[in-house]
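So the chains spell out like this:
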Protein chains: 2
Amino acid sequence: MTDTRERILDTAERLFAAHGYSGTSLRAIITEAEVNQAAVHYYFRSKEALLEAVFLRRTEPANQERMEMLERCERAAGGNAPELEDVIEAFVVPAFRAACDPGKGGLVFRELMGRLYAEGDMLPRIVASKFVPMLARFAVALTRALPDVPQDELFWKVHFAMGATAQAFRGKTDWQVFDRARLDNADSELILRRLVAFLSAGMRAPVTAVREREK
Amino acid sequence: MTDTRERILDTAERLFAAHGYSGTSLRAIITEAEVNQAAVHYYFRSKEALLEAVFLRRTEPANQERMEMLERCERAAGGNAPELEDVIEAFVVPAFRAACDPGKGGLVFRELMGRLYAEGDMLPRIVASKFVPMLARFAVALTRALPDVPQDELFWKVHFAMGATAQAFRGKTDWQVFDRARLDNADSELILRRLVAFLSAGMRAPVTAVREREK
DNA sequence: GTCTATAACTTGATAGAC
DNA sequence: GTCTATCAAGTTATAGAC
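Presented here is an overview of the structure given in this document. (Residues numbered from 1 in each chain as written. Chains lettered and ligands numbered in written order. Predicted model: local features only at pLDDT ≥ 70, side-chain atom pairs only at ≥ 80, totals over all residues. Heavy atoms only, no water.)

### Let's talk about the overall build of chain A
This is how it is decided: A helix here means a DSSP run of H or I that spans at least four residues, while a strand means a run of E at least two residues long, and both kinds are numbered starting from the N terminus. Only protein chains enter the accessibility calculation, which uses a 1.4 Å probe; a residue is then buried when its area is under 20% of its type maximum, exposed when over 50%, and partly exposed in between. Residue contacts are counted whenever heavy atoms from the two residues lie within 4.5 Å of one another. Each accessible area value is a Shrake-Rupley result obtained with a 1.4 Å probe; residue values ignore everything except the protein chains displayed when judging cover.
Regarding its fold elements, chain A presents 10 helices and 0 strands. Out of the 215 residues in chain A, the part that is buried amounts to 56%. Across chain A, contacts joining residues at least 24 apart in sequence account for 77% of those joining residues at least 6 apart. Summed over all atoms, the accessible surface of chain A reaches about 9900 Å², with 52% contributed by carbon and sulfur.

Have a look at this one:
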């Protein structure tokens, strides 16, 4: 069949998401996808290249959309600084939506995205470099939206925000301390709104407002 | 020598932090620690048990401190609801400080903590279960500190907050879009203040305040 | 408690017939 | 493009001498 390649991608996506990169063996993928031993090395030439393919398949279009969304909101602002919420939405919404709707991938890729966001070193820098131009654009927009925040503080806020976003993508916890509400059955648009609200407030929060206290 | 055990723990901590659990082989640990092949299986009985030991060595005391700090701030509040910032600090500060100061572990364990927080499934649930009682206590305190936030919304906010905290622990990014400021050379108390400010604001942010907008 | 040796298995990757 | 067969290396874990 000609969809062998796709079946490998789908299965790899699922297993990488579930067990991580080094936690998933090519043989596990081969077995679950019910393809031939050599197929993986035929279509992709290595395990690493397979991960890249899995990753870029969904990431590249989402990044495209992010840029468009950012440009659109910057144009709408005219010469003024863009609204913080808009910048954050431009970054978060395309990836999140993409990770929700595609008939097949859905939750699975979201899980994988969370893992990759969080680990940061699972992808070789070559792939990460595909993100840098986009991230740089967002860094500028953020700086304009938050002109009073010094750069090194902004760095940390972005850092925290990336972590929160990654977790939003993952949507699973083993700690059943609140009894309910997994990503599986939750309204993803509502989650998005909550995430944007959370991030915006966090980014704006003045650090100096934290009162001094005794240890 | 009698510090063989400790040397294994230290090395394992470092390598798990750098490459993840399945990305680290026992042989790599054995080699770097310069101990004998069989030593790991003698002191710990499996790779998994070794990870648990690495994890609990620093985690158990920190969790103890978290509980104490929470109780202290609840007592200070008398019958009233505890202050949000205090609850967050009680959760974040002990682990973060512990991960900063111990002469040896320092940055390394922080990196590992970030990884484990983010992955969530690297530790077997048996170990995770050691956390549940503490987390449940914090869930109650949070609910009291934020009485107007419905439970399922609170669940998500905690979810986001855990992600941001995990990222704060990791403190490394490959995306050099802001040119500077790594965890390595940053003032950790300042990071803590920033994190607490970020989380508090995010937790308090009313979701309904996010204005409607066209996609 | 420390060591060497090795068992028992899984890994990523390839060669070459069809 | 698909298959089987297999390699070389690396893996966790154990047995048993000292």
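After presenting the structure, the write-up continues.
### A word on the pattern of salt bridges
All names here are of chain A. As a reminder of what qualifies: Salt bridge criterion: a side-chain nitrogen from Lys or Arg within 4 Å of a carboxyl oxygen from Asp or Glu.
Tallied over the entire structure, the rule returns 24 salt bridges over all chains. Of the charged contacts, one joins R97 and E189 as a salt bridge, the two residues approaching to 2.8 Å between their closest N and O atoms. Of this pair, R97 sits in helix α5 (residues 84-98) while E189 sits in helix α10 (residues 188-204), placing them 92 residues apart in sequence. Salt bridges sharing common partners tie together D10, E13, R57 and R58.

### Quick word on the environment of T24 of chain A
Residue and element names in this part refer to chain A. Applicable threshold: Whenever a nitrogen or oxygen atom comes within 3.5 Å of another N or O atom, the pair is scored as a polar contact, on the condition that within protein one atom can donate a hydrogen and the other can accept it, and that pairs from neighbouring residues in sequence are kept only if both atoms are in side chains.
Positionally, T24 belongs in the loop between α1 (4-19) and α2 (26-33). Its relative accessible area of 3% is what places T24 among the buried residues. Sequence-wise, T24 and F55 are 31 residues apart; in three dimensions their C-alpha atoms are separated by 15 Å. Those residues within four positions of T24 in sequence are excluded, and the remaining contacts are L15, F16, H19, I29 and K47. One polar contact links the side chain of T24 to the main-chain carbonyl oxygen of L15, over a distance of 3.1 Å.

### Re the environment of R137 of chain A
Residue and element names in this part refer to chain A. With respect to the element layout, R137 can be found in helix α8 (residues 132-145). The spacing of R137 and L70 is 67 residues in sequence and 8.7 Å in space, taken between C-alpha atoms. If sequence neighbours within four positions are ignored, R137 has contacts with M67, L70, E71 and E74.

### Notes on the packing of aromatic side chains
Convention followed: Note on aromatic pairs: the rings of Phe, Tyr and Trp (six-membered ring only in Trp) are paired at centre separations within 6.5 Å, and the planes decide the class, stacked below 30 degrees, edge-to-face beyond 60, tilted for the rest.
Applying the stated criterion across every chain yields a total of 17 aromatic pairs over all chains. Pairing F198 of chain A with F198 of chain B gives two aromatic rings, centres 6.2 Å apart and planes at 70°, and the pair type is edge-to-face. Here the residue F198 of chain A occupies a position in helix α10, and F198 of chain B occupies one in helix α10 (residues 188-204), the pair thus bridging two chains. Neither F198 of chain A nor F198 of chain B differs from the other in exposure class; each is buried.

### Quick word on α8 of chain A
All names here are of chain A. The following threshold applies: Expected span of a helix, by definition, is 1.5 Å for each gap between consecutive residues, and there is one gap fewer than residues.
Helix length check: α8 (14 residues) gives 20 Å between terminal C-alpha atoms against 20 Å at 1.5 Å per residue, within 8%. Of all the positions in α8, only M134, L135, F138, A139, A141, L142 and A145 are classed as buried. Contacts from the buried residues of α8 go to α4 (47-76), α5, α9 (151-170) and α10.

### Overview of the side chain of R194 of chain B
Looking at where R194 of chain B falls in the secondary structure, it is placed in helix α10. The class for R194 of chain B is buried, based on a relative accessible area of 8%.

### Notes on the packing of helix α4 (residues 47-76) of chain B against helix α5 (residues 84-98) of chain B
All names here are of chain B. As a reminder of what qualifies: Think of each axis as a best-fit line through the C-alpha atoms, taken over the contacting stretch in the case of a helix, with angles from 0 to 180 degrees between the N-to-C directions. Each angle gets one of four labels, with under 35 degrees taken as roughly parallel, over 145 as roughly antiparallel, 65 to 115 as roughly perpendicular, and the rest as oblique. Left-handed describes a crossing in which the near helix is turned anticlockwise from the far one by less than a right angle; the clockwise case is right-handed. Only Asp, Glu, Lys and Arg are considered charged in this grouping, and only Ala, Val, Leu, Ile, Met, Phe, Trp, Tyr, Cys and Pro are considered nonpolar; every other residue, Gly among them, is considered polar.
In the contact formed by α4 and α5, the axes pass within 8 Å of each other and the chain directions differ by 155°. Between α4 and α5, the angle falls in the class roughly antiparallel. For the element pair α4 and α5, the recorded crossing hand is right-handed. Contacts from A62, E65, R66, M69, L70 and C73 of α4 reach α5 at D86, V87, E89, A90, F91, V93, P94 and A95. Taken together, the residues that form the contact of α4 with α5 break down as 10 nonpolar, no polar and 4 charged.

### Overview of the packing of α4 of chain B against helix α8 (residues 132-145) of chain B
All names here are of chain B. Here α4 crosses α8 at 25°, and the two axes come no closer than 10 Å. Relative to α8, α4 is oriented roughly parallel. Once α4 is placed against α8, the crossing between them reads as left-handed. Mapping the contact onto sequence places N63, R66, M67, L70, E71 and E74 in α4 and M134, R137, F138 and A141 in α8. Here the residues of the contact of α4 with α8 are counted per class, giving 5 nonpolar, 1 polar and 4 charged.

### Digging into the environment of R144 of chain B
All names here are of chain B. For R144, the position within the fold is in helix α8. Residue R144 is classed as partly exposed on the basis of its relative accessible area, which comes to 36%. Along the sequence, R144 and A168 sit 24 residues apart, while their C-alpha atoms lie 26 Å from each other. Look past the residues within four positions of R144 in its chain and what remains in contact with it is G79, N80, A81 and P82. Looking at R144, its side chain comes within polar contact range of the main-chain oxygen of G79, at 2.9 Å.

### Description of α5 of chain A
Residues and elements named next belong to chain A. To keep it simple, the criterion reads: The quantity called bend is, for any residue, the angle between two axes fitted respectively to the seven residues ending at it and the seven beginning at it.
The end-to-end C-alpha distance of α5, which contains 15 residues, comes to 22 Å, matching closely the 21 Å that a straight helix rising 1.5 Å per residue would cover. Of all bends in α5, the biggest is about 30°, found at A90, and the proline P94 comes one to four residues later. Of all the positions in α5, only L84, E85, V87, I88, E89, A90, F91, V92, V93, P94, A95 and F96 are classed as buried.

### Some remarks on unusual backbone geometry
Unusually for a residue other than glycine, E34 of chain A sits at a positive phi of about 55°. Residue placement: E34 of chain A occurs in the loop between α2 and α3 (39-43).

None of this, on its own, says anything about what the molecule does.
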